[in-house]
Amino acid sequence: MRDLLLAKLALRTLGRNPRRTLLSIVGIGVGCGIVLYMVAFTRGSSEMRIRAISESGFGHARIAPATWEKTRDSDLRLVDWKRDLDIAGSMAEVEFAAPHSRTTALLAFGTCVTGVEMVGVDPNVERNISRLVRVLSEGRYLERGDEGAVVIGTAIADRLEVELDDDLFITIAGAGGEMKYAMLRIVGIVSTGSRTIDGTICHVTLAEMEHLTGYLGAGEITIVFRDPSNIDALTVRLQERLEGTDPVLSWKVVIPSQGGDMGSDTVFMNLLMGVVIVVAVLGVASAQLTAILERKREFAVLIALGMGGGRIVRLVLIEALAMGVLGAVAGLAMGFPFIYPAATSGYNFAEMMGGDFVTEGVLFDPIIYADMGMWLIPLAFAVALFSTLVAGLYPAWYALRTNPTSALSLREA
């Protein structure tokens, strides 16, 4: 009953000066709306980055040889790659597990020569994890059992002046440093729309890679999880299942520059959101303190009538809580008109970025979408209530220090 009376008194106080209350709510709403928009855009860009990395063939994590992280040697091979592949494939959280092997190769046709990183793949799985090989301008992609076959990008084909069904002369350094040579027929030419990416694609089957290099097995297993939002925890869980035989590295380790960029972007956006929240807190605190100064005699009367300090504090905080709820609603109303088009139409950075949207072998989409969902509602209330409650602490403390004798006698407290 007492709390109900406090609530009625708080609402009556807010209605006593509707202009100041409305301005405070608008201020909270503006700050809350800005935070919602920033979080929605940050989440959308982060999801886009992770999706682009995964669909560019890097996956969400990678099972690699023990020394790969230090040496980055493409000729390293897993000790028991089939066991690792079976364990990863049996994990319910893993959507795809794709074995790869890599080596540096020299491709030649006539007098034209170019160097590439040749990748050995499992054709049945590769098209599921990498969008880079889903669109071929000519021919077909690899199939299990293909011998002497290779798929290259259009930029390599243009550089070597070759066509479908031409034979490429391959030179590689095999096991023990021995130079090996082979002829591979072009069965497919990939077109991703990016000249940079098309200049790096050179795929053969895992069996063909073993035959060419003399290195047996796979050098890595690319992992795609079903839940991209929980990559770190799933990476640790997969590592536990492997019992330490081979390290499981997240994409942040595989492509450290991308992990660093994402980390710095997150820190910067968090800093901006913190500044916005601080500004909102200071604005609300100023309005609350002004209201307290105008109500010193009112608080003096309440204290003289026996209202305890705890109830005075609760009264002020209830007022702040009410403004926080209304501010959250205002924030949602102000943020939605900006978040909705950003989530549905996105922002096209094609003209700003120029050229290919490729970094460290990752093909990015030029359009970035914000993330919009029901999570915006609890976030809005959390931001608004946190801001108003923090802003109400000092005014509540100031009200608690009111001296009823001096306040009623019109002297300074």
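All of the points below concern the structure found in this document. These numbers were taken from a predicted model, which means no experiment stands behind them. (Residues numbered from 1 in each chain as written. Predicted model: local features only at pLDDT ≥ 70, side-chain atom pairs only at ≥ 80, totals over all residues. Heavy atoms only, no water.)

## Considerations on the pattern of salt bridges
Tallied over the full model, the rule gives 12 salt bridges. The residue Arg 140 makes a salt bridge to Asp 146 at a minimum N-O spacing of 2.9 Å. According to the relative accessible area criterion, Asp 146 is buried, its value standing at 14%. One connected set of salt bridges, linked through shared partners, spans Arg 62, Arg 102, Glu 117 and Glu 220. (Salt bridge = Lys/Arg side-chain N within 4 Å of Asp/Glu carboxyl O. Buried < 20%, exposed > 50% of the residue type's maximum accessible area, 1.4 Å probe, protein only.)

## Structural notes on the pairing of strand 5 (residues 149–153)
Along strand 5, five of the five residues are buried, which leaves the element largely enclosed by surrounding structure. The two faces of strand 5 match: Ala 149, Val 151 and Gly 153 on one face and Val 150 and Ile 152 on the other face are all buried. In this sheet, strand 7 (residues 179–190) lies alongside strand 5 in parallel orientation, the contact comprising five bridges. In the sheet register, Val 151 faces strand 7, and the bridge partner there is Gly 188. Direction of pairing for strand 5 relative to strand 8 (residues 202–205): antiparallel, over a ladder of two bridges. Counted as the bridge partner of Ile 152 is Cys 202 from strand 8. (Helix = DSSP H or I, 4+ residues; strand = E, 2+ residues; numbered from the N terminus. Pairing = 2+ DSSP bridges.)

## With respect to the packing of helix 4 (residues 81–90) against helix 9 (residues 231–242)
Relative to each other, helix 4 and helix 9 sit at 130°, their axes nearing to 10 Å. One way to sum up the angle between helix 4 and helix 9 is to call them oblique. Between helix 4 and helix 9 lies a crossing whose hand is right-handed. Where helix 4 abuts helix 9, its residues Arg 83, Asp 84, Ile 87, Ala 88 and Ser 90 lie against Leu 238, Arg 241 and Leu 242. Taken together, the residues that form the contact of helix 4 with helix 9 break down as four nonpolar, one polar and three charged. (Axes fitted to C-alpha atoms, helices over the stretch in contact; angles between N-to-C directions. Parallel < 35°, antiparallel > 145°, perpendicular 65-115°, else oblique. Left-handed = near helix turned anticlockwise from the far one by under 90°. Contact = heavy atoms within 4.5 Å. Nonpolar A, V, L, I, M, F, W, Y, C, P; charged D, E, K, R; others polar.)

## Considerations on helix 8 (residues 206–213)
What helix 8 keeps buried is the set Leu 206, Glu 208, Met 209, Leu 212 and Thr 213. Here the buried residues of helix 8 occupy an arc of 155° about the axis, which is enough to place them on one side. In this structure, helix 8 carries Ala 207 and His 211 as exposed residues pointing more than 90 degrees from its buried face. On its buried face, helix 8 is in contact with helix 4, strand 2 (94–109), strand 3 (112–121), strand 6 (167–173), strand 7 and strand 8. Once helix 8 ends, the next one or two residues include Gly 214, with phi positive near 85°. (Arc of directions from axis to C-beta.)

## Remarks on the nonpolar core
When a protein is soluble and globular, its nonpolar side chains tend to lie buried together. Counting 36 residues, the largest nonpolar core has Ile 63, Ile 223, Phe 225, Leu 238 and Val 362 as its most contacted members. Every element with two or more residues in this core is listed here: helix 2 (18–55), strand 1 (61–63), helix 4, strand 2, strand 9 (220–225), helix 9, strand 10 (248–250) and helix 10 (251–254). Counting only domains with at least three residues in this core, you end up with domain 1 (4–54 + 259–408) and domain 2 (59–254). Val 362 has contacts with Ala 52, Ile 53, Ser 56, Phe 58, Ile 255 and Phe 357, leaving out every residue within four places of it along the chain. Formed by 26 residues, the second largest nonpolar core is a distinct cluster that contains Leu 36, Ala 330, Ala 370 and Ala 384. (Core = buried A, V, L, I, M, F, W, Y, C linked by side-chain atoms within 4.5 Å. Domains from an automatic or database assignment.)

## Points about the pairing of strand 8
Residues of strand 8 alternate between two faces, with Cys 202 and Val 204 on one and His 203 and Thr 205 on the opposite face, all of them buried. Here three bridges tie strand 3 to strand 8, and the two strands are oriented parallel to one another. Looking at strand 8, one finds that Val 119 is bridged to His 203.

## With respect to unusual backbone geometry
Residues other than glycine seldom take positive phi values, yet Arg 72 does so here, at roughly 55°. On the secondary structure map, Arg 72 appears in the loop between helix 3 (68–71) and helix 4. A relative accessible area of 35% means that Arg 72 is categorised as partly exposed.

## Examining a nonpolar patch on the surface
A cluster of nonpolar side chains, namely Leu 22, Val 26, Val 30 and Ile 34, defines an oily patch on the protein surface of about 310 Å² accessible area. Since its relative accessible area comes to 37%, Ile 34 is described here as partly exposed. (Patch = residues over 30% accessible without salt bridge, like charges linked within 9 Å, V, L, I, M, F, W, Y side chains within 5 Å. Areas by Shrake-Rupley, 256 points an atom, 1.4 Å probe, with all protein chains shown as cover.)

## Points about the packing of aromatic side chains
If you walk through the whole model with that rule in mind, you get three aromatic pairs. Sitting over the face of the ring of Trp 375, Arg 43 holds its NZ or CZ atom 4.0 Å from the ring centroid. (Phe/Tyr/Trp six-rings, centres within 6.5 Å; stacked < 30°, edge-to-face > 60°. Lys NZ or Arg CZ within 6 Å of the ring centre and 35° of its normal.)

## Thoughts on helix 4
Every buried residue of helix 4 is accounted for by Trp 81, Asp 84, Ile 87 and Ala 88. One face of helix 4 carries all of its buried residues, which in axial projection span an arc of 125°. Structural note: helix 4 exposes Lys 82, Asp 86 and Gly 89 on the side pointing more than 90 degrees away from its buried face. Of the surrounding secondary structure, the elements contacted by the buried residues of helix 4 are strand 1, strand 2, helix 8, strand 9 and helix 9.

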